[in-house]
2 protein chains.
Amino acid sequence: MSADMLADLIAELPEGTVVVDPDIVASYRQDRAADPKAGTAMAVVRPRRTEEVQAVMRWATAHRVPVVPRGAGTGLSGGATALDGGIVLSTERMRDITVDPVTRTAVTQPGLFNAEVKKAVAEYGLWYPPDPSSYEICSIGGNIATNAGGLCCVKYGVTTDYVLGMQVVLADGTAVRLGGPRLKDVAGLSLTKLFVGSEGTLGIVTEVTLKLLPTQHRGCTVVASFDDVAAAADAVVTITGKIRPSMLEFMDKVAINAVEDKLKMGLNRDAAAMMVAASDDRGPAGSEDAEYMARVFTEAGATEVYSTSDPDEGDAFVAARRFAIPAVEAKGSLLLEDVGVPLPALADLVAGVEKLAEQHQLMISVIAHAGDGNTHPLIVFDPSNADEAARAQTAFGEIMDLAVGLGGTITGEHGVGRLKRPWLAGYLGPEAMELNRRIKKALDPDDILNPGAAL
Amino acid sequence: MSADMLADLIAELPEGTVVVDPDIVASYRQDRAADPKAGTAMAVVRPRRTEEVQAVMRWATAHRVPVVPRGAGTGLSGGATALDGGIVLSTERMRDITVDPVTRTAVTQPGLFNAEVKKAVAEYGLWYPPDPSSYEICSIGGNIATNAGGLCCVKYGVTTDYVLGMQVVLADGTAVRLGGPRLKDVAGLSLTKLFVGSEGTLGIVTEVTLKLLPTQHRGCTVVASFDDVAAAADAVVTITGKIRPSMLEFMDKVAINAVEDKLKMGLNRDAAAMMVAASDDRGPAGSEDAEYMARVFTEAGATEVYSTSDPDEGDAFVAARRFAIPAVEAKGSLLLEDVGVPLPALADLVAGVEKLAEQHQLMISVIAHAGDGNTHPLIVFDPSNADEAARAQTAFGEIMDLAVGLGGTITGEHGVGRLKRPWLAGYLGPEAMELNRRIKKALDPDDILNPGAAL
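Residues numbered from 1 in each chain as written. Chains lettered and ligands numbered in written order. Predicted model: local features only at pLDDT ≥ 70, side-chain atom pairs only at ≥ 80, totals over all residues. Heavy atoms only, no water.

An unreviewed UniProt entry annotates chain A as FAD-binding protein of Mycolicibacterium hodleri. Taken verbatim from the UniProt record of chain A, the Cofactor (unreviewed entry) comment is "FAD". UniProt, in the comment section headed Sequence similarities (unreviewed entry), describes chain A in these words: "Belongs to the FAD-binding oxidoreductase/transferase type 4 family." (UniProt positions renumbered as here; feature names shortened; annotations may be inferred.)

Okay, structure coming up:
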């Protein structure tokens, strides 16, 4: 049965587009969330063009086959977990990009890595701001699916702020053009914005028009150590109320030590918290901001404050922050949280996570895009230890409950995927959940697109 | 029949909420678009609280009465045109605001004027950027309905970029909370963004959570005169490719003269175009940007360039630009266009409009948020001259056709309303139009909310 169905699809697409080799198909079972409930798709389909995606969706709708869209597979919430009897539609071979320096836009297919987009536009003196920590290995299509954030978002916003238009293929195979290279456009509903962050549940984005900025200035960096997390969190609130830093990142003691284990750059292993802050304002304004942040850190009780206007030295600290996830991952498997809270609740969230770590006898490291109130508690566990793995799962849920109790969200930038789906309805409430369902039903009545993810 | 129905509604709401006085009801027939096809509502309802809006919508759904939501009535596309047999739901009495300086957010009801929001948050050293020219008289709810833009958008973005959450009442009276004071939140579909710009067709926003920035620096202003529109447009492309001005505005000869007639501030009446540009970067960076813009203007062929770092003097030029619409309105009635094009097409658009003006023997003045490619051709006509009024109508449509032909949009920031509705399907194309309809149908199946507007 499934072989017959697939034969139709294989016949319709260019050779090599549909992959059924079991080893290859198995390698597409999970994304980086390593969802233990992952199934095995009947095939992986790797189209190159919008028309091919349309053919896949027409076929999927005709045969009621669930389609799991997949970017680079770096998702952390199980948004690309494969389903038994479904197909995985990978955008990895959709890699064209055209940069228009005059309109300051790039038109790109979804398969390019974020870093490749940045590089392509940098050749024209332009900059694509959103910068998830995984920017070297995550795809721009995946960024759009999750409305990805990053480090510079505290000043420059998230993915949706840079998406001017797209081509999207709906469940029934219809291709729709939305928006375009116009900086302002309010004709019709804001559908471009609706598809950003929809985690592949409403359509498959096959082309996107990105807004670009002139190249960012390389500014000043300030690093501060604290022996008290609350003091660091206080400083964040003070700073963001007064100036617009281009970065305001937080690492806790576990992360500091994990990074220092690997990079040996002389980080203060005794500190309870380390902040990495930056200003990219030009000239004296950048230095003034750096001085201001250093002063706020000191007044909040920092034990050490270090400023540098040398961009390469600054980059080293940013790299240390970016390296925190892999460094902590060296200690065991990770359940990677993504909860966000209003800024004043940051210290309470970190304290609450610490308490949960003690309670469940787990190592949990907290890193955070502190300026956005968006934290990543990293729960370390040994998957071969069933009891510890169960405690990690429990903590994963309790951290979300904690965040929601503090007025926060269950996911700031990674998406709901399959791992966080059980918490979505409780967070949104019945009315907003029903509204989500109505939109989903209107656009994908047969629930073909990424069923079981998010909604 | 309608009196019976209304009696139910009057009984359910606080005294004075439902207004049936014919003179008052008549004063709510039109917004500033002065839609000649406006009907007369059976009542104007002016609720103060979300619960009252819910009661109105439950009643409207039960009786299948169309509801036209209305902010301050400054809309320019007929989004708040009253309908015979319907009601107008005015948010003018929903005027509460709470500012939280710690999370840098404001929670406001929709009836406050944009300027009142700005003022309330300024007391805390905070800034709400979006600044439509009408900011002193337009409501924040109307800004959300149209995803309003303004002068500072070239650097700071539009309304949607500052809406973190809302409470919205659906057609059936359900109240839904979306988002909140969290700077990043990707849990569920991006519904907050969907309601922004939906022109009252999907729900009635009764409360909104706005993101605020620290107070803007008052920077440098550069004014330049050109005897050639194309030269001014070239300068715009050069400048935005290199730096991020906080304003980049354009006025044509008609606007310059209309403003000079009123303000007598010594503007160059012979110039074909005047640019008003600003940088709000602090310190030498702002002056450098101003110098850079002055140089680009000069090299592009400006006949006069004047820079000032005196903020009050700068404000005077900005006020002149903001005054352009009322100044041109002194010449006759206006059909106010709002077409946007990709930046390189700006000169062609202005030239095309000039040609249409000649062809139809009309006075058409072009002012523009040039840095966004968003222009406002102001078509002047005498409504008592039927032939001229007809020619104005024809030109109104032809300007949209011209913009679309240049890769532009039929509306950049004013909305489709009723005046531009005939052009929407042609602009969006059948697939995107169908997608709009599906969403509308899913959220307002009985077409109660602002029927005939936008979709």
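There's more to say after this.
**Q** What is the right way to read the overall build of chain A from this model?
**A** In terms of regular secondary structure, chain A is built from 15 helices and 18 strands. The C-alpha atoms of chain A give a radius of gyration of 22 Å, which matches the 23 Å a tight globule of 455 residues would have. Overall, the C-alpha framework of chain A stretches about 70 × 60 × 45 Å when taken along its three principal axes. Counting across all 455 residues of chain A, residues that qualify as buried make up 64%. (Helix = DSSP H or I, 4+ residues; strand = E, 2+ residues; numbered from the N terminus. Rg over C-alpha atoms; globule rule 2.2 N^0.38 Å. Buried < 20%, exposed > 50% of the residue type's maximum accessible area, 1.4 Å probe, protein only.)

**Q** Sorry, what's going on with the pattern of salt bridges here?
**A** Side chains carrying opposite charge are able to pair once their charged atoms draw close together. Under the definition given, this model contains 52 salt bridges over all chains. Notably, a salt bridge pairs Lys 184 of chain B with Glu 413 of chain A, separated by 2.9 Å at the nearest N-O pair. Highlighted residues: Lys 184 of chain B in the loop between strand E9 (175-179) and helix H7 (191-195) and Glu 413 of chain A in the loop between helix H14 (386-405) and helix H15 (421-443), drawn from two different chains. Note on accessibility: Lys 184 of chain B and Glu 413 of chain A belong to one class, buried. It is possible to trace a salt-bridge network through shared partners that takes in Lys 155, Asp 280, Asp 281, Glu 288 and Asp 289 of chain A together with Arg 282 of chain B. (Salt bridge = Lys/Arg side-chain N within 4 Å of Asp/Glu carboxyl O.)

**Q** Mind showing me how you'd approach the nonpolar core here?
**A** Burial of nonpolar side chains together is a common tendency in soluble globular proteins. Residues Phe 250 and Phe 297 of chain A together with Phe 250 and Phe 297 of chain B are the most contacted members of the largest nonpolar core, which totals 197 residues. Looking at this core element by element, the count peaks at nine residues for H15 of chain A. (Core = buried A, V, L, I, M, F, W, Y, C linked by side-chain atoms within 4.5 Å.)

**Q** How should I be thinking about the relation of the copies chain A and chain B in this particular structure?
**A** One copy of the chain maps onto the other through a rotation about an axis plus a displacement along that axis. Its rotation angle being 180°, the transformation that places chain A on chain B also includes 0.0 Å of axial translation and leaves an RMSD of 0.0 Å. A rotation of that kind, with that shift, is consistent with a two-fold axis. (Least-squares fit on C-alpha atoms with pLDDT ≥ 70 in both.)

**Q** Quick question: what am I supposed to make of the side chain of Glu 260 of chain B here?
**A** All names here are of chain B. As for its position among the elements, Glu 260 is in helix H9 (residues 253-263). Buried charge Glu 260 goes without a salt bridge, the closest partner of opposite sign being Arg 269 at 4.9 Å. Separated by 2.9 Å, the side chain of Glu 260 and the backbone nitrogen of Gly 266 make a polar contact. Ignoring any residue separated from it by four or fewer positions in sequence, one finds Glu 260 in contact with Met 265, Gly 266, Leu 267 and Arg 269. (Lys, Arg positive; Asp, Glu negative; His and termini not counted. Polar contact = N/O pair within 3.5 Å; in protein donor to acceptor, adjacent residues only side chain to side chain. Contact = heavy atoms within 4.5 Å.)

**Q** In this structure, what is going on with the domain arrangement of chain A? I would like to understand it.
**A** Quite often, the size of an interface is put as the accessible area lost when its parts meet. Residues and elements named next belong to chain A. Entries for chain A in the domain assignment read domain 1 (1-90), domain 2 (97-214) and domain 3 (220-406). For domain 2 versus domain 3, the separation of C-alpha centres amounts to 28 Å. The largest per-residue losses of area from domain 2 upon contact with domain 3 belong to Leu 151, Val 154 and Lys 155, which jointly make up 63% of the total buried on that side. Our count for the contact surface shared by domain 2 and domain 3 stands at three salt bridges. Of the charged contacts in the structure, one is a salt bridge between Lys 155 and Asp 280, with a shortest N-O distance of 2.7 Å. Class assignment of the residues belonging to the side of domain 2 that touches domain 3 gives a composition of seven nonpolar, two polar and two charged. (Domains from an automatic or database assignment. Buried area = accessible area lost by both parts, 1.4 Å probe. Nonpolar A, V, L, I, M, F, W, Y, C, P; charged D, E, K, R; others polar.)

**Q** I tried to follow the UniProt feature "domain: FAD-binding PCMH-type" (unreviewed entry) in chain A on my own but got confused; where do I start?
**A** Following the UniProt record, one finds the feature "domain: FAD-binding PCMH-type" (unreviewed entry) at residues 37-215 of chain A. The span residues 37-215 of chain A shows a helical share of 22% and a strand share of 24%, and its end C-alpha atoms are spaced 43 Å apart.

**Q** Where do I start with the interface of chain A and chain B in this structure?
**A** Contacts between chain A and chain B engage 84 residues on the former and 84 residues on the latter. Interface area for chain A against chain B, summed over the two sides, is near 6,200 Å², with a carbon-plus-sulfur share of 62%. The largest share of the area that chain A buries against chain B comes from Lys 184, Val 186 and Leu 189 of chain A, three residues that together contribute 14% of it. Summed over the shared surface of chain A and chain B, the number is twelve salt bridges. A salt bridge links Asp 372 of chain A to Lys 184 of chain B; its shortest N-O distance comes to 3.3 Å. The tally of links from chain A across to chain B stands at 32 residue pairs in polar contact (both at pLDDT 80 or more). For the side of chain A that touches chain B, the secondary structure elements donating two or more residues are helix H6 (153-156), strand E9 (175-179), helix H7 (191-195), strand E11 (213-214), helix H8 (229-242), helix H10 (283-300) and H15 of chain A. Broken down by element, the residue count for the side of chain A that touches chain B peaks at eleven residues, all from H15 of chain A.

**Q** I would appreciate a short explanation of the packing of aromatic side chains in the present structure.
**A** The geometry of two aromatic rings is summed up by the distance between their centres and the angle between their planes. All names here are of chain A. With the rule as written, the count across this model stands at ten aromatic pairs over all chains. Aromatic pair Tyr 128 and Tyr 162: ring centres 6.1 Å apart, planes at 80°, arrangement edge-to-face. One end of the pair, Tyr 128, is in the loop between strand E7 (126-127) and helix H5 (140-146); the other, Tyr 162, is in the loop between H6 and strand E8 (163-169), with 34 residues separating them in the sequence. Tyr 162 matches Tyr 128 in its accessibility class, with the two residues each being buried. We note Lys 211 situated over the ring of Tyr 162; from NZ or CZ to the ring centre the distance is 5.8 Å. (Phe/Tyr/Trp six-rings, centres within 6.5 Å; stacked < 30°, edge-to-face > 60°. Lys NZ or Arg CZ within 6 Å of the ring centre and 35° of its normal.)

**Q** Mind showing me how you'd approach the sheet that holds strand E5 (residues 97-100) of chain A here?
**A** Residues and elements named next belong to chain A. Reading across the sheet, the five strands line up as E5-E6-E10-E8-E9 and stay open at both edges, with antiparallel pairing between neighbours. If you trace the sheet from one side to the other, it starts and ends with E5 and E9, each paired once. Going across the sheet, the axis of each strand differs from the next one's by a mean of 10°, ignoring polarity. Both E8 and E9 contribute to a ladder of five bridges, which runs antiparallel. Of the residues in E9, the one forming a bridge with Val 169 is Ala 175. In the packing of helix H3 (residues 50-63) onto the sheet, contacts are made with E8, E9 and strand E10 (204-211), and the angle to E8 comes to roughly 45°. The sheet strands contacting helix H4 (residues 114-122) are E5, strand E6 (105-108) and E10, and the helix crosses E5 at an angle near 40°. (Pairing = 2+ DSSP bridges. Axes fitted to C-alpha atoms, helices over the stretch in contact; angles between N-to-C directions.)

**Q** So what exactly am I meant to see when it comes to unusual backbone geometry here?
**A** Glycine aside, residues mostly have negative phi, and peptide bonds are mostly found in the trans state. The backbone phi angle of Asp 447 of chain A is positive, close to 55°, even though this residue is not glycine. Following the sequence through the fold, Asp 447 of chain A ends up in the segment after H15.

**Q** Please explain the pairing of strand E12 (residues 220-226) of chain B as it appears in this structure.
**A** In regular strands, side chains alternate between the two faces of the sheet. Residue and element names in this part refer to chain B. With seven of seven residues buried, E12 is to be regarded as a mostly interior element. The pairing of E12 with strand E14 (residues 273-279) spans seven bridges and is antiparallel. Looking at E14, one finds that Thr 221 is bridged to Ala 278.

**Q** What should I look at first to understand helix H14 (residues 386-405) of chain B in this one?
**A** For an α-helix the count is 3.6 residues per turn, leaving residues at separations of three or four pointing the same way. Residue and element names in this part refer to chain B. When the terminal C-alpha atoms of H14 are compared, their 29 Å separation across 20 residues agrees well with the 28 Å that a helix rising 1.5 Å per residue should span. Of the residues making up H14, those classed as buried are Glu 388, Ala 389, Ala 392, Ala 395, Phe 396, Gly 397, Ile 399, Met 400 and Ala 403. Taking the backbone nitrogen of Asp 387 as reference, a side-chain oxygen 3.2 Å away marks Asn 385 as the first, capping residue of H14. (Expected span 1.5 Å × (residues − 1).)

**Q** What exactly am I supposed to notice about the state of the cysteines here?
**A** Throughout this description, disulfide means a covalent bond between two cysteine sulfur atoms. Here the structure, examined in full by the defined rule, presents zero disulfides over all chains. Free of any disulfide, Cys 152 of chain A has its nearest cysteine sulfur in Cys 153 of chain A, 5.1 Å distant. (Disulfide = S-S within 2.5 Å.)

**Q** I tried to follow helix H9 (residues 253-263) of chain A on my own but got confused; where do I start?
**A** All names here are of chain A. All of the buried residues along H9 are Ala 255, Ile 256, Asn 257, Ala 258, Val 259 and Glu 260. Looking at where H9 begins, the residue whose side-chain oxygen comes 3.2 Å from the main-chain nitrogen of Val 254 is Asp 252. Following H9 by one or two positions, Lys 264 has its phi on the positive side, about 45°.

**Q** Would you take a moment to explain the packing of H15 of chain A against helix H16 (residues 430-443) of chain B for this structure?
**A** When two helices pack together, their arrangement is captured by the angle between the axes and the distance separating the axes. At a minimum axis separation of 9 Å, H15 of chain A and H16 of chain B run at an interaxial angle of 140°. What the angle tells us is that H15 of chain A and H16 of chain B run oblique. The handedness of the crossing between H15 of chain A and H16 of chain B comes out as right-handed. Counted together, Leu 435, Arg 438, Ile 439, Ala 442 and Leu 443 of chain A of H15 of chain A and Leu 435, Arg 438, Ile 439, Ala 442 and Leu 443 of chain B of H16 of chain B form the full contact between these two elements. When the residues that make up the contact of H15 of chain A with H16 of chain B are grouped by side-chain class, the tally is eight nonpolar, no polar and two charged. (Parallel < 35°, antiparallel > 145°, perpendicular 65-115°, else oblique. Left-handed = near helix turned anticlockwise from the far one by under 90°.)

**Q** How should I be thinking about the environment of Thr 375 of chain B in this particular structure?
**A** Residues and elements named next belong to chain B. If you trace the backbone, Thr 375 turns up in strand E18 (residues 374-381). Relative accessible area serves as the criterion here: at 0%, Thr 375 is assigned to the buried category. Remark: the alpha-carbon pair of Thr 375 and Gly 340, spanning 35 residues in sequence, is separated by 5.8 Å. Discounting residues that sit within four places of it in the chain, Thr 375 has contacts with Glu 337, Asp 338, Val 339, Leu 346, Leu 349, Val 366, Ile 367 and Ala 368.

**Q** Is there a simple way to explain the sheet that holds strand E4 (residues 87-90) of chain B in this structure?
**A** Whether parallel or antiparallel, the strands of a sheet pair through hydrogen bonds between backbone atoms. Residue and element names in this part refer to chain B. Strand order in the open sheet formed by four strands is E1-E2-E4-E3, and the pairing between neighbours is mixed. Among the strands making up the open sheet, the edge pair consists of strand E1 (18-19) and strand E3 (67-70). As defined by bridge partners, E3 adjoins E4 across four bridges and the pair is classed as parallel. Bridge pairing in E4 places Val 67 opposite Ile 87. Taken strand by strand, helix H3 (residues 50-63) contacts strand E2 (43-45), E3 and E4, and its axis lies near 165° from that of E4.

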